[in-house]
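Descriptive structure summary
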Amino acid sequence: MSLGRSETEEPVRSGPMTDPLAGEADELSAALDDVDLDSPSTTKFAEFEYVLAALGQLPRNRVYAVAVNRAPELAALVQTVPANNAFLLAVVVKDATELTRTREAVKHYLTSGGVAAALVIARRSTTGWQPAWLGVQVESADAQLTAKMTGLASHLALEVDRVKAPPASKRTRRWPGRSLRAAPQPLVLDDRTRRMLRGAVTSRSAVMLVGPPGTGKTQLVGEVIDAVAKDPAAYGMTMAHDYLVVTPDESWSARDLVGGETVDDTSKVRFSPGHVLEAISEDRWLVLDEANRADLDRIFSGLFTWLTGNTVIVGRVSGDPDASPIFLGWADGPKSEVIGAELLRSGAPDDGQGAVHYLAGTEWRMFGTYNAVDAQRVFRFGLALGRRFAHVPVELPSAAGFSKALADRLSNLSAPLPDALHQTLVSVLERIYRAHAALSDVEMGPAALLAIPEYLDAKEVPASPEELRERIAEAYLMGMGTWLATLDDSSLEQLSTEIGQSGALGDQWDWLVAKLGGLR
């Protein structure tokens, strides 16, 4: 975790900011006094984070703040913190009676491998806001960051609590993770596909991964997010980014995706943000998993224009036709922000003279995964929508690519199979994959086949190659039976010619086919 000179240099700011060197803790308190802690805006802590970053000599975009009413809220709030990017998490405790419990929750968060350092600051009834605790996770913080935290503690009249993670054997649970469908090994892709994906993410705000089911499109999005976190500059970016994953369905309307009117708890009509606005307000990338499950051509509405770089109006804060408008546009800098979010709060006065601006940062991205096979049964994208996304094809891996991916999976088994069974497993799965790849118009990726070793790993070691084939047939049926049940007789016969041979599943293929009737 390096804090080089280039990272600590402050970008040019467009407006005045409080001098962070005048009064240290008092400046932090003053910055918090101006914050509406109940506002949904994620930019409300901008002044406070700036002051805190300057005091700690940290890059501004590596300091994040959250506000809690009660200690148990912390578990949900830290999911919005880009853990790979944050050096320091500031936890603002609204209720001083929750200070002790919140401090322990933050300390536990550090031991779980969250951020490297954390500050707890609480309101005192007579003296305003005061820093109450500063901790550093010794395994995560390098010497330079530790020194900076020691200096910050001196400014704030605190002692640094050096927190150690418990031994792995005593860790009962971890805080929410950051990976999308984490896999033990990265996908096996050709260099050209990875280059296309990197170029798409670097140059376009919306990226669609297109390919047959089981090719790892969703996992690939997770790999990209992790790659950006490790080396933002390789993608033309300056920071790591958290994400929000949603799965559209045919019931979706523009209200689900963008936002629309709803009735609040006071029986008044108010605007409710959809997933796009939610992701922007939390400065998280949006992932539309299996995007063609919804009719996006119908519900994209103003997003068509917005994705070309323009600002659009997406609604008004209430049902009054003269209510303040809500705009969706683009920020000048990398971080997303919401201006005027206080108008969206239930009961907030609105004279129609204000406006709410959702501004996506220049590094904000929308990902989609598109199942080209299921497009025959669900929704296709029209040309207008298609042009708004950079499309990256994720194709079936070659036979050699599948063999490499299978070898990676087998290397992670807790108890490796004896050599003879290992060779049989590899031979059978490779033959099944080749048979799949030979089918036209019914392509199926290797994900289910690559999961078969995990099924074997959960059982006792097979006693013979025959018992191994039984296990493979069971796992194959569970993972791909519903797909097999959709195939016509000609395709099943084609599979039978290859998979039903003695060197593959043999008579276990007949057993499997007999079970398909119950899955149709």
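Cut-offs applied
- Residues numbered from 1 in each chain as written.
- Predicted model: local features only at pLDDT ≥ 70, side-chain atom pairs only at ≥ 80, totals over all residues.
- Heavy atoms only, no water.
- Phe/Tyr/Trp six-rings, centres within 6.5 Å; stacked < 30°, edge-to-face > 60°.
- Helix = DSSP H or I, 4+ residues; strand = E, 2+ residues; numbered from the N terminus.
- Buried < 20%, exposed > 50% of the residue type's maximum accessible area, 1.4 Å probe, protein only.
- Polar contact = N/O pair within 3.5 Å; in protein donor to acceptor, adjacent residues only side chain to side chain.
- Contact = heavy atoms within 4.5 Å.
- Pairing = 2+ DSSP bridges.
- Axes fitted to C-alpha atoms, helices over the stretch in contact; angles between N-to-C directions.
- Expected span 1.5 Å × (residues − 1).

1. Comments concerning the packing of aromatic side chains
- Using the criterion set out here, one finds seven aromatic pairs in the structure.
- Members of the aromatic cluster, joined through ring pairs, are Phe 300, Phe 304 and Phe 389.

2. Things to note about the side chain of Thr 146
- For Thr 146, the location among the structural elements is in helix α6 (residues 143-155).
- A relative accessible area of 17% means that Thr 146 is categorised as buried.
- For Thr 146, the side chain forms a polar contact with the main-chain oxygen of Asp 142, separated by 2.9 Å.
- In contact with Thr 146, not counting residues within four places along its chain, are Val 136, Ala 141 and Arg 162.

3. Comments concerning the sheet that holds strand β16 (residues 390-393)
- Spatially, the five strands line up as an open sheet ordered β7-β10-β15-β6-β16, and their pairing is parallel. The sheet terminates laterally at β7 (242-246) and β16, the two strands that pair on one side only. Put simply, the sheet's adjacent strands are angled 20 degrees from each other on average, direction ignored.
- Relative to strand β10 (residues 284-288), β7 is paired through five bridges, and the arrangement is parallel.

4. Some words on the sheet that holds strand β14 (residues 356-360)
- Spatially, β11-β12-β14-β13 is the arrangement adopted by the four strands of the open sheet, whose pairing is mixed. Of all the strands in the sheet, just β11 (312-316) and β13 (337-339) have a single pairing partner and so form its edges. Strand-to-strand twist across the sheet, computed as the mean angle between neighbouring axes with direction ignored, equals 20 degrees.
- In this structure, β13 lies alongside β14, joined through three bridges in antiparallel fashion. By the bridge assignment for β14, Ile 339 is matched with His 357.

5. Quick notes on the environment of Asp 142
- Here Asp 142 is to be found in the loop between β4 (128-137) and α6.
- Judged by its relative accessible area of 23%, Asp 142 is partly exposed.
- Taking the C-alpha atoms as reference, Asp 142 lies 8.9 Å from Ala 116; in sequence the two are 26 residues apart.

6. Comments concerning helix α15 (residues 419-438)
- Here α15 contains 20 residues, and its C-alpha end-to-end distance of 29 Å stays within 8% of the 28 Å for a straight helix at 1.5 Å per residue.
- Buried residues of α15: Leu 421, Thr 424, Leu 425, Val 426, Val 428, Leu 429, Arg 431, Ile 432, Tyr 433, Ala 435 and His 436, and no others.
- Looking at the buried residues of α15, the elements they touch are α14 (399-410), α16 (447-450), α17 (452-457), α18 (465-484) and α19 (489-499).

7. Side note on the pairing of strand β6 (residues 206-211)
- When you tally the buried positions in β6, you get six out of six residues, the bulk of the element.
- Of the two faces of β6, the one carrying Ala 206, Met 208 and Val 210 and the one carrying Val 207, Leu 209 and Gly 211 are both buried.
- As defined by bridge partners, β6 adjoins strand β15 (residues 366-371) across six bridges and the pair is classed as parallel. Bridge assignment links Gly 211 to a residue of β15, and that residue is Asn 371.
- Note that β6 and β16 share four bridges and pair parallel. The residue of β16 that forms the bridge with Val 210 is Pro 393.

8. Quick notes on the environment of Ala 157
- Within the secondary structure, Ala 157 is located in the loop between α6 and β5 (160-163).
- Along the backbone, Ala 157 and Pro 131 are 26 residues apart, and their C-alpha atoms lie at a distance of 8.4 Å.

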